[in-house]
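# Report on the structure
The chain contents come next:
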Amino acid sequence: MKQLVNRIERMMGIMVAVLIGCTLHSFSQEVKPSPVVKPETAAKAAPEKKAVVAPAKAVVAPAKAKPEAKAVEAEKPESDTATLTTGIWTGENYFEGRLDALLPLLNWSAVDGKLFFDGRGAWADEGEEEFNAGLVYRQRCLPNGGILGVNTFYDSRWTKDGAQFNQWGLGAEALTKWVDLRANYYLPENKSEKVGTDESVTLEKSNYKTEYEQYAVNSDLHEKWVRSLEEYWNKDVYNIYSVPLKGYDAEIGVKLPLNIKNFESRLFIGYYDFEQRGGHFDTPDVDISGLKGRFEVRGWNRLIVDAEVYEDEDLFDSKFMLSARYRVPIGKDGPHFDEGITDRMGEMVMRDPHVQLRPGVDASRSLVHTSKPAGSGDSVVLSDAIFVNADN
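Fair warning: this is a prediction, and the values are worked out from it, not measured in the lab. (Residues numbered from 1 in each chain as written. Predicted model: local features only at pLDDT ≥ 70, side-chain atom pairs only at ≥ 80, totals over all residues. Heavy atoms only, no water.)

## Some points on the packing of aromatic side chains
- Under the defined criterion, the tally for this structure stands at 8 aromatic pairs.
- With a centroid separation of 4.7 Å and an interplanar angle of 65°, the aromatic rings of Phe263 and Trp300 are classed as edge-to-face. Of this pair, Phe263 sits in strand β10 (residues 263-276) while Trp300 is found in the loop between β11 (288-299) and β12 (303-310), placing the two residues 37 residues apart along the sequence.
- Residue Phe263 is classed as partly exposed on the basis of its relative accessible area of 32%.
- In textbook terms, an aromatic cluster arises when at least three aromatic residues are bridged by ring pairs, as seen for Tyr94, Tyr272, Tyr310 and Phe316.
- The ring centre of Tyr232 lies 5.0 Å from the NZ or CZ of Lys205, which sits over that ring.
- Sitting over the face of the ring of Phe268, Arg294 holds its NZ or CZ atom 4.1 Å from the ring centroid. (Phe/Tyr/Trp six-rings, centres within 6.5 Å; stacked < 30°, edge-to-face > 60°. Helix = DSSP H or I, 4+ residues; strand = E, 2+ residues; numbered from the N terminus. Buried < 20%, exposed > 50% of the residue type's maximum accessible area, 1.4 Å probe, protein only. Lys NZ or Arg CZ within 6 Å of the ring centre and 35° of its normal.)

## As for the environment of Thr85
- Take Thr85: it is sitting in strand β1 (residues 82-91).
- Look at Thr85 and you get buried, because its relative accessible area is 3%.
- Look past the residues within four positions of Thr85 in its chain and what remains in contact with it is Arg98, Leu99, Asp100, Arg325, Tyr326, Arg327 and Met348. (Contact = heavy atoms within 4.5 Å.)

## A few points about a nonpolar patch on the surface
- On the surface, a nonpolar cluster with roughly 770 Å² of combined accessible area is contributed by Tyr154, Trp168, Leu170, Tyr185, Leu187, Tyr248, Tyr271 and Leu291.
- Looking at the nonpolar patch, the elements with two or more residues in it are β6 (164-175) and β7 (179-188).
- Following the sequence through the fold, Leu170 ends up in strand β6.
- Leu170 sits in the exposed class, given a relative accessible area of 53%. (Patch = residues over 30% accessible without salt bridge, like charges linked within 9 Å, V, L, I, M, F, W, Y side chains within 5 Å. Areas by Shrake-Rupley, 256 points an atom, 1.4 Å probe, with all protein chains shown as cover. Salt bridge = Lys/Arg side-chain N within 4 Å of Asp/Glu carboxyl O.)

## Re the pairing of β11
- Note that β10 and β11 share 12 bridges and pair antiparallel. Pairing of Arg266 across the sheet is with Glu296, part of β11.
- Bridging between β11 and β12 involves 8 bridges; their strand directions are antiparallel. From the neighbouring strand, Arg294 faces β12, where its bridge partner is Glu308.
- Taking the residues between adjacent antiparallel strands as the criterion, β11 and β12 are bridged by 3 residues, where Trp300 takes a positive phi near 60°. (Pairing = 2+ DSSP bridges.)

Here you go:
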């Protein structure tokens, strides 16, 4: 029940974050200046006052007003559409669903730049959850309409063991018609959380110990003995922690020259490197790094299918990953999505949404002594004895 309540609370948090982003998006649309009040338009409407003195000019003025209206219409932003992307990711031992909302906040038409709010949620089949909230700025400043972008994210992860981890992320991207380049850096909080304990006991040494005691009964001398098995054990205690990893990933890709209408594909090669941040654990394989490759196919600028391969399975517990995601425009400017693959301002930011974790072990050893009875006896060692002391 407690886990169910926690999940409901996290879902509500995600919904609130997306709602805030939508509210900011709506507000940004309301405060945009109207092109009707431009000084040029007002100035060209003024000749109506001179209609009595110069009728010829009064006739020309309306003719010039019509092209001016077209110029004002041409200055309309390319698109103020929010984008909702949903998809699934699967591998050998991995399955996850994701939902991403990219919402425009501000539009700087003078430099052809836009600021977005990006909210993303992920739910794995093992009961783990992720939420990412970030700001994304993109500007069309490269040749032939290419885009440069930067972003910053705050990521949270809830594990199946009930632990929570947070991290900051920074990213940069260059998106062009033929070449894409991306790089991301991830810096988690410097903490680890204990998620379990394990113990092992090994025998160091053992020996038998016998104790004797003599006593007299009448004229007989008795001897009592007690034997025990003495054992010395090494007790190892392993405290198991979830350890967050800091690191980076990057990729570069090229568009393949395929002449298929409304479809395009890209081939990427990249590298990832993650290492333990702070602390010391007796785990030699915490650091992970390697090459990765990705093949991407887009259709109608809505459906995207990816196939990814990794040098090893340390990153996602799988050497390959397959994914399919679908983009849904939200807003009145949505139809431009069906006009071919032209607008990349509103596409999903490609980054690792996870706080990368690995198990860390803190081991301690102690020596434990145990004693077990191994036998006892009593025997007469001398009969008809005469016992004397100093007085007798």
